[in-house]
Amino acid sequence: MKFIFYVSLVLLLVPLQTTLLPHLSVWNIKPDLGLVAAALVGLFAGELEGLLVGLVIGWVLSLFSAGELWLILLTNGGVGLLAGFLGKQVSQLTSISLGVGILLVSLATGLFAAMTFKGLDMSQTWWMVQSIVFPQACFDGAVGAGFYWLLSRRFALTRLRTE
Amino acid sequence: MAHSSSPYGARRIALACFAFLLVALFLFPSQIQGLLQYLGGPIGYAVGVPLEAIASIDAGIADRWERYVALQGVREENQQLRKEIEWLRGQHSQLRESAAATERLTSLLHFKEQALPTMIAAQVIGRDATNRYRAIILNKGESDGIKPDMGVVTPAGVVGRIVKTTGASSVVLLVTDPNNAIAGLIQRTRDEGIVQGTQQGLAQLKYIPLLSTLRDGDRVVTSGLIGDFPRGLVIGTITRIDKEEGALFQSAEIMPEVDIGRVEEVLVIQTSYGQSTKAGMETDLREKPAP
């Protein structure tokens, strides 16, 4: 059952991310649903599933992007793993704290991606950070918080937690 | 809300997997990426089904919106005329290029007959999955004969080039992306340079000789020297010239001819004019008897 859910998630993420989200983009910036999904899976299913689902999402999304495969693979996988670790340390999770967490993680991965971009000087890197990385991180945080709020209202959510 | 369970085994496995992947990517970057890209070929078919379905629904909604919200007759006529103008612009540019080429080539004895490039029509079904690249996704892939580095155009001009393919789709890096570089030529002055995208979504012609007499409004076309574009396809029009004191070259900002944000159908150049001619020349050389 879980496997079917994850396969459906991956299959639906690509058309959502590449076909529908460009219509909802603000200033040509759209949220990274792959990163949000990896973070939520890591949070609710633990670090191992977060890592594996994040890696698969990153791999499949990279097939539909001009970006480097390793970067999308590692950032999504890393976010799933990190969300799994951090999720166990937080006893009471709210949509706002989750939103802030996703914002910070997205900002970190975006900065890492900007640093690895070839042929950019300092001013171009700064332009990329302020016009792509930061707005996208805010967008990711808002979408993640919104999803969590919707899920927590609809379902009785259970998380893995370290004692 | 939270229940206490701490699968430390899972944590160790997750960390080990991630560490293994990092080491593997660090030690064998091209092999691992090549393998994952190869394995992604069949995945492209699976993902292509919902992708095409949603893209066709999206296109259908957009089509109906345009038909019923706008004035139907005027809208259609306008679209038809726009397409005609685009086609005529492309023809006009090609004819100007042909006229210039004819003048130069009439003096040559070994004039070769021009072979038309082979093209594959494809539809745009999506945009890049990330925000960091300006790219579009096409509904044709490896199974249709599309390969990386092939040029992509519309009747109006250059769109970009293929950078990735799966079985049923391909990714086109647009001419406005800073990571894209195409050999360009100023149609009037015949000065060559490299066209590269800018972060603002335009393009820039770099490495233009300082003595070039280029001016605003000059058209930039493909030079056909590098890559899979035939000579003479319109890239854009010069809107600003940057000439810095002490610099070895000058550069110019270009407004792309194709409205990249609205492109819906494209043509992928499978065999360019240059390649056809080169192939023809090789055949001719083989046919010639040795002296």
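This one's a predicted model, so the numbers in the text were calculated from it and none came from an experiment.

Q: Would you mind going over the overall build of chain B with me for this structure?
A: Looking only at helices and strands, one finds four helices and 13 strands in chain B. Considering chain B as a whole, with its 291 residues, one finds that 35% of them fall into the buried category. For chain B, contacts bridging at least 24 residues in sequence account for 60% of all contacts bridging at least 6.

Q: Even after reading the chapter, I still don't get the overall build of chain A, so can you show me in this structure?
A: Helices and strands together make up the secondary structure of chain A, namely six helices and one strand. Along chain A, helices (α) and strands (β) appear in the sequence α-α-α-α-α-α-β when read from the amino end. Computed over its C-alpha atoms, the radius of gyration of chain A comes to 15 Å, within 12% of the 15 Å expected for a compact globule of 163 residues. Seen through its principal axes, chain A has C-alpha atoms that stretch 45 × 30 × 30 Å. Burial analysis of chain A (163 residues in total) assigns 52% to the buried set. A separation of at least 24 residues holds for 71% of the contacts in chain A among residues at least 6 apart in sequence.

Q: What should I look at first to understand the pairing of strand E2 (residues 118-127) of chain B in this one?
A: Every other side chain in a regular strand lies on the same face of the sheet, so the side chains alternate between the two faces. Residues and elements named next belong to chain B. Here E2 runs beside strand E13 (residues 265-271); their pairing, made up of six bridges, is antiparallel. Counted as the bridge partner of Thr118 is Thr271 from E13. Pairing of E2 with strand E3 (residues 135-138) involves three bridges; the strand directions are antiparallel. Within E3, the residue paired with Val124 across the bridge is Leu138.

Q: What exactly am I supposed to notice about the sheet that holds strand E5 (residues 157-165) of chain B here?
A: Within a sheet, each strand pairs with its neighbour through backbone hydrogen bonds, oriented either parallel or antiparallel. In space, the six strands of this closed barrel follow the order E2-E3-E6-E5-E4-E13 (chain B), with antiparallel pairing throughout. When strand polarity is set aside, the average angle formed by the axes of neighbouring strands in this sheet is 45°. Looking at chain direction, E5 of chain B and strand E6 (residues 170-174) of chain B are connected through five bridges and run antiparallel. Among the inter-strand pairings, Arg161 of chain B is bridged to a residue of E6 of chain B, identified as Leu173 of chain B. The strands that helix H1 (residues 2-24) of chain A touches are E2 and E3 of chain B; relative to E2 of chain B, the one it contacts most, it runs at about 65°.

Q: What's the story with the interface of chain B and chain A in this structure? I'm lost.
A: By a frequent convention, interface size equals the accessible area lost on bringing the separate parts together. At the interface, 46 residues of chain B touch 42 residues of chain A. Of all the secondary-structure elements, those providing two or more residues to the side of chain B that touches chain A are strand E1 (2-4), helix H1 (8-27), helix H2 (29-69), E2, E3, E5 and E6 of chain B. Per element, the largest residue contribution to the side of chain B that touches chain A is 14 residues, and it comes from H2 of chain B. Residue composition of the side of chain B that touches chain A, by class: 26 nonpolar, 14 polar and six charged.

Q: Would you mind showing me how to read the pairing of strand E4 (residues 151-154) of chain B here?
A: Residues and elements named next belong to chain B. Here E4 shows two buried faces, one formed by Gly151 and Val153 and the other by Val152 and Thr154. Direction of pairing for E4 relative to E5: antiparallel, over a ladder of four bridges. Bridge assignment links Gly151 to a residue of E5, and that residue is Arg161. Here E4 folds back onto E5 in antiparallel fashion, the turn holding two residues. Note: E4 against E13, two bridges, orientation antiparallel. Its bridge partner lying in E13, Val153 is registered against Leu267.

Q: Where do I start with the packing of helix H2 (residues 33-45) of chain A against helix H4 (residues 69-89) of chain A in this structure?
A: The packing of two helices is summarised by the inter-axis angle and the distance between the axes. Residues and elements named next belong to chain A. Two numbers describe how H2 lies on H4: the axes approach to 7 Å, and their chain directions differ by 35°. The crossing of H2 and H4 is right-handed. Counted together, Gly34, Leu35, Ala38, Ala39, Val41, Gly42 and Leu43 of H2 and Asn76, Val79, Gly80, Leu81, Leu82, Ala83, Gly84 and Gly87 of H4 form the full contact between these two elements.

Q: Would you take a moment to explain unusual backbone geometry for this structure?
A: Negative phi is the rule for most residues except glycine; trans is the rule for most peptide bonds. All names here are of chain B. The phi dihedral of Arg190 falls on the positive side, at around 65°, and the residue is not glycine. The topology assignment puts Arg190 in the loop between strand E7 (181-186) and strand E8 (192-197). The class for Arg190 is exposed, based on 11 C-beta atoms found within 10 Å. The residue Tyr207 is not glycine, and still its phi comes out positive at about 60°.

Q: I'm lost on the environment of Leu63 of chain A in this one. Help?
A: Take Leu63 of chain A: it is sitting in the loop between helix H3 (47-62) and H4. Judged by C-beta crowding, with 24 C-beta atoms within 10 Å, Leu63 of chain A ranks as buried. Along the chain, Leu63 of chain A and Leu86 of chain A lie 23 residues apart, while their C-alpha atoms are 29 Å from each other. Excluding residues within four positions of it along the chain, Leu63 of chain A makes contact with Gly40, Ile43, Gly44, Lys164 and Thr166 of chain B.

Q: What is the right way to read the packing of H1 of chain A against H3 of chain A from this model?
A: Residues and elements named next belong to chain A. Following both chains from N to C, one finds H1 and H3 inclined at 35°, their axes separated by 10 Å at the closest point. Crossing angle aside, the handedness with which H1 passes H3 is right-handed. Contacts between H1 and H3 involve Tyr6, Val10, Leu13, Val14 and Gln17 on the former and, on the latter, Val53, Val56, Ile57, Val60 and Leu61. Taken together, the residues of the contact of H1 with H3 sort by class into nine nonpolar, one polar and no charged.

Q: What's the story with the environment of Ala168 of chain B in this structure? I'm lost.
A: All names here are of chain B. Note that Ala168 resides in the loop between E5 and E6. The buried category is assigned to Ala168, around which 24 C-beta atoms lie within 10 Å. The spatial distance from the C-alpha of Ala168 to the C-alpha of Gly44 is 5.8 Å, given a sequence separation of 124 residues. When residues no more than four places from it in sequence are discounted, the contact partners of Ala168 are Gly44, Tyr45, Gly48, Gly141 and Ser143.

Q: Even after reading the chapter, I still don't get the sheet that holds E8 of chain B, so can you show me in this structure?
A: Residue and element names in this part refer to chain B. A barrel is described by the order of its strands in space; here six strands give the closed sequence E7-E8-E9-E12-E11-E10, paired in antiparallel fashion. Averaged over all neighbouring strand pairs, the angle between strand axes comes to 40°, with direction disregarded. Bridge count between strand E11 (residues 234-242) and strand E12 (residues 249-256): six bridges; the pairing is antiparallel. The partner of Ile241 across the bridge, within E12, is Ala252.

Q: What am I meant to see in the confidence of the model for chain B here?
A: A low pLDDT means the predicted coordinates there should not be read in detail. All names here are of chain B. Counting all residues, the mean pLDDT for chain B is 79, and 84% of those residues have values of 70 or more. Of the regions scoring below 50 in pLDDT, residues 276-291 engages in eight contacts with residues more than four places distant in sequence or in other chains. As a predicted assembly, this complex carries a pTM of 0.76 together with an ipTM value of 0.81.

Cut-off values and rules
- Residues numbered from 1 in each chain as written.
- Chains lettered and ligands numbered in written order.
- Predicted model: local features only at pLDDT ≥ 70, side-chain atom pairs only at ≥ 80, totals over all residues.
- Helix = DSSP H or I, 4+ residues; strand = E, 2+ residues; numbered from the N terminus.
- Buried ≥ 20, exposed ≤ 12 C-beta atoms within 10 Å, placed from the backbone.
- Contact = placed C-beta atoms within 7 Å.
- Rg over C-alpha atoms; globule rule 2.2 N^0.38 Å.
- Pairing = 2+ DSSP bridges.
- Axes fitted to C-alpha atoms, helices over the stretch in contact; angles between N-to-C directions.
- Nonpolar A, V, L, I, M, F, W, Y, C, P; charged D, E, K, R; others polar.
- Left-handed = near helix turned anticlockwise from the far one by under 90°.
- pLDDT = per-residue confidence, 0-100.

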